[in-house]
Amino acid sequence: MSTSPADSGRVHDAPSNNWVYRVLPRRLWPYAQLARWDRPIGWQLLMWPCFWSAGLAANAAASAGTFSFSRFVLHLMLFFIGAVAMRGAGCTYNDIVDHDIDMEVARTRSRPLPSGRVTRPQAKIFMALQALAGLLVLLQFNGFSIFLGVFSLVFVAVYPFAKRFTDWPQFFLGLAFSWGALMGWSAEFGGVGMAAIILYLGAIAWTVGYDTIYAYQDKEDDELIGVRSTARRFGEHPRPWLFGLYGLTVLLLFVAFWVAGAGILAYAGLLVAAVMLFYQILVLDIHDATQCLALFKFNSVVGLIVFTGLCAALLVRLL
């Protein structure tokens with residue numbers, strides 16, 4: 001007799017060999033799944049714009065003679081912890097809002113709420129605890145950054161409902177997921193500069209692009225239940241849109257680097273990242289859900305390459 005993912009305590013679209021299932025007691029698995037600890041790609045993609053912004057701000061600070069290595073490392077640690085906490089809180093909130101929709105989609109039916117392994121009150125308490133952890137991290141920054149972090153909750157709150165009223169819910173995800181592109185700069189300088197704003201816009205375009213690829217996994221189910229997405233909007237011809245989105249990403253990041261005065265190695269990293277972005281478009285098969293998920297996850301490597309380029313440029317400037 002076959003066992004469904006929900007019966008096994010796992011979810012359909014997460015690896016079964018994740019540390020969650022090796023380390024945590026079984027009763028905690030549903031909460032780890034609500035927070036997506038078994039799928040780290042989410043917090044990674046939330047974290048990279050924070051790291052990009054911190055790296056870009058560090059380059060600018062080094063040029064001005066105000067760079068502090070200990071402060072830079074502290075900010076990166078806080079952004080890492082905050083990304084894990086707030087991504088978990090956001091996913092839990094999203095699952096609460098999408099409870100009924102998730103029951104109708106094959107890929108999400110095994111998640112803790114639709115499968116009945118967690119109740120809505122339990123999920124709400126867990127969401128509040130994760131949000132509290134995120135708040136404690138946020139309070140370590142300067143006042144303006146605290147204001148920015150709190151304001152971002154507007155986009156976090158709207159995003160789960162966007163798929164009900166627009167074909168562009170990925171844009172609203174971008175508004176929320178890219179917010180760190182402002183936070184890294186603000187943490188260093190106590191305000192938002194033009195370079196950070198341009199970086200934020202570039203990160204939004206990147207998010208819309210990679211989440212469109214992700215959305216092609218659910219396109220058929222979304223059509224049946226009336227959920228809207230850029231995958232449905234672009235249909236069978238997403239490549240021109242993706243070329244535009246990823247091209248805009250590269251252009252805006254290039255301009256942000258130029259405005260901030262980043263070193264040559266930052267542009268080298270961006271060039272490598274651009275090749276990786278356009279590779280995704282060239283090989284994309286929208287009818288292969290497994291490949292769509294793999295290409296989506298590949299964007300964490302893209303984020304790492306951009307950050308590595310910024311760190312290399314910083315190191316050269318400091319030497």
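Coordinates for the structure precede this section.
Computed from a predicted model, the values in this text were never measured in an experiment. (Residues numbered from 1 in each chain as written. Predicted model: local features only at pLDDT ≥ 70, side-chain atom pairs only at ≥ 80, totals over all residues. Heavy atoms only, no water.)

1. A closer look at a nonpolar patch on the surface
Here comes step 1: A surface patch of nonpolar side chains, about 1000 Å² in accessible area, is lined by Phe 144, Phe 147, Phe 151, Val 154, Val 192, Met 194, Ile 197, Leu 201, Phe 254, Trp 258 and Val 259.
Here comes step 2: Secondary-structure elements contributing two or more residues to the nonpolar patch are helix H7 (143-151), helix H11 (194-215) and helix H14 (239-260).
Here comes step 3: Within the secondary structure, Leu 201 is located in helix H11. (Patch = residues over 30% accessible without salt bridge, like charges linked within 9 Å, V, L, I, M, F, W, Y side chains within 5 Å. Areas by Shrake-Rupley, 256 points an atom, 1.4 Å probe, with all protein chains shown as cover. Salt bridge = Lys/Arg side-chain N within 4 Å of Asp/Glu carboxyl O. Helix = DSSP H or I, 4+ residues; strand = E, 2+ residues; numbered from the N terminus.)

2. Observations regarding the packing of H7 against helix H10 (residues 180-189)
Here comes step 1: Two numbers describe how H7 lies on H10: the axes approach to 8 Å, and their chain directions differ by 165°. Relative to H10, the element H7 is oriented roughly antiparallel. In this structure, the crossing between H7 and H10 has a hand that is left-handed. Residues Phe 144, Ser 145, Leu 148 and Gly 149 of H7 form the contact with H10, whose own contacting residues are Leu 182, Met 183, Ser 186 and Ala 187.
Here comes step 2: Here the residues of the contact of H7 with H10 sort into five nonpolar, three polar and no charged. (Axes fitted to C-alpha atoms, helices over the stretch in contact; angles between N-to-C directions. Parallel < 35°, antiparallel > 145°, perpendicular 65-115°, else oblique. Left-handed = near helix turned anticlockwise from the far one by under 90°. Contact = heavy atoms within 4.5 Å. Nonpolar A, V, L, I, M, F, W, Y, C, P; charged D, E, K, R; others polar.)

3. What to know about the environment of Gly 247
Here comes step 1: Turning to its location among the elements, Gly 247 is positioned in helix H14.
Here comes step 2: Overall, the relative accessible area of 25% leaves Gly 247 in the partly exposed class.
Here comes step 3: The spacing of Gly 247 and Gly 202 is 45 residues in sequence and 9.5 Å in space, taken between C-alpha atoms.
Here comes step 4: Apart from residues lying up to four places away in sequence, Gly 247 is in contact with Leu 242 and Phe 278. (Buried < 20%, exposed > 50% of the residue type's maximum accessible area, 1.4 Å probe, protein only.)

4. Comments concerning unusual backbone geometry
Here comes step 1: Residue Arg 36 is not a glycine yet carries a positive backbone phi of 65°.
Here comes step 2: Turning to its location among the elements, Arg 36 is positioned in the loop between helix H2 (29-34) and helix H3 (41-64).
Here comes step 3: Accessibility expressed as a relative area gives 5% for Arg 36, which makes it buried.

5. Observations concerning the side chain of Ser 178
Here comes step 1: With respect to the helices, strands and loops of the structure, Ser 178 is situated in the loop between helix H9 (169-177) and H10.
Here comes step 2: Given a relative accessible area of 0%, Ser 178 falls into the buried group.
Here comes step 3: A polar contact is formed between the side chain of Ser 178 and the backbone oxygen of Ala 203, at a distance of 3.1 Å.
Here comes step 4: When near neighbours in sequence (up to four residues on either side) are disregarded, Ser 178 contacts Pro 49, Tyr 200, Ala 203, Ile 204 and Thr 207. (Polar contact = N/O pair within 3.5 Å; in protein donor to acceptor, adjacent residues only side chain to side chain.)

6. Some details on the pattern of salt bridges
Here comes step 1: Counted by the stated rule, this structure contains seven salt bridges.
Here comes step 2: Where Asp 98 meets Arg 164, a salt bridge forms, and the shortest distance between an N and an O atom there is 3.3 Å. With Asp 98 in the loop between helix H4 (69-97) and helix H5 (99-104) and Arg 164 in the loop between helix H8 (153-162) and H9, this pair connects stretches of sequence that are 66 residues apart.
Here comes step 3: Residue Asp 98 is classed as buried on the basis of its relative accessible area of 3%.
Here comes step 4: Salt-bridge contacts for Asp 167 lead to Arg 228; the nearest nitrogen and oxygen are separated by 2.9 Å.

7. Some remarks on the environment of Asn 17
Here comes step 1: With respect to the helices and strands, Asn 17 occurs in the segment before helix H1 (19-23).
Here comes step 2: The sequence separation of Asn 17 and Asp 38 amounts to 21 residues, and the corresponding C-alpha distance is 9.0 Å.

8. Description of H8
Here comes step 1: Within H8, burial applies to Phe 155, Tyr 159, Pro 160 and Ala 162. When H8 is viewed along its axis, its buried side chains cluster within an angular range of 150° and face the same direction. (Arc of directions from axis to C-beta.)

9. Describing H14
Here comes step 1: Along its 22 residues, H14 runs 31 Å from first to last C-alpha, staying within 8% of the 32 Å computed at 1.5 Å per residue.
Here comes step 2: Every buried residue of H14 is listed here: Leu 242, Leu 245, Tyr 246, Thr 249, Val 250, Leu 252, Leu 253, Ala 256, Phe 257 and Ala 260. Here the buried residues of H14 occupy an arc of 165° about the axis, which is enough to place them on one side. In H14, the exposed residues that point more than 90 degrees away from the buried face are Pro 240 and Trp 258.
Here comes step 3: Contacts from the buried residues of H14 go to H3, H10, H11, helix H13 (230-234), helix H15 (264-283) and helix H16 (289-318).
Here comes step 4: Of the residues one or two after H14, Gly 261 is the one with positive phi, at around 75°. (Expected span 1.5 Å × (residues − 1).)

10. Description of the nonpolar core
Inside soluble globular proteins, nonpolar side chains tend to come together where they are buried.
Here comes step 1: Counting 84 residues, the largest nonpolar core has Trp 52, Leu 56, Trp 206 and Phe 257 as its most contacted members.
Here comes step 2: Filtering out sequence-adjacent residues up to four positions away, Trp 52 remains in contact with Leu 199, Ala 203, Trp 206, Leu 253, Gly 303, Val 306, Phe 307 and Leu 310. (Core = buried A, V, L, I, M, F, W, Y, C linked by side-chain atoms within 4.5 Å.)

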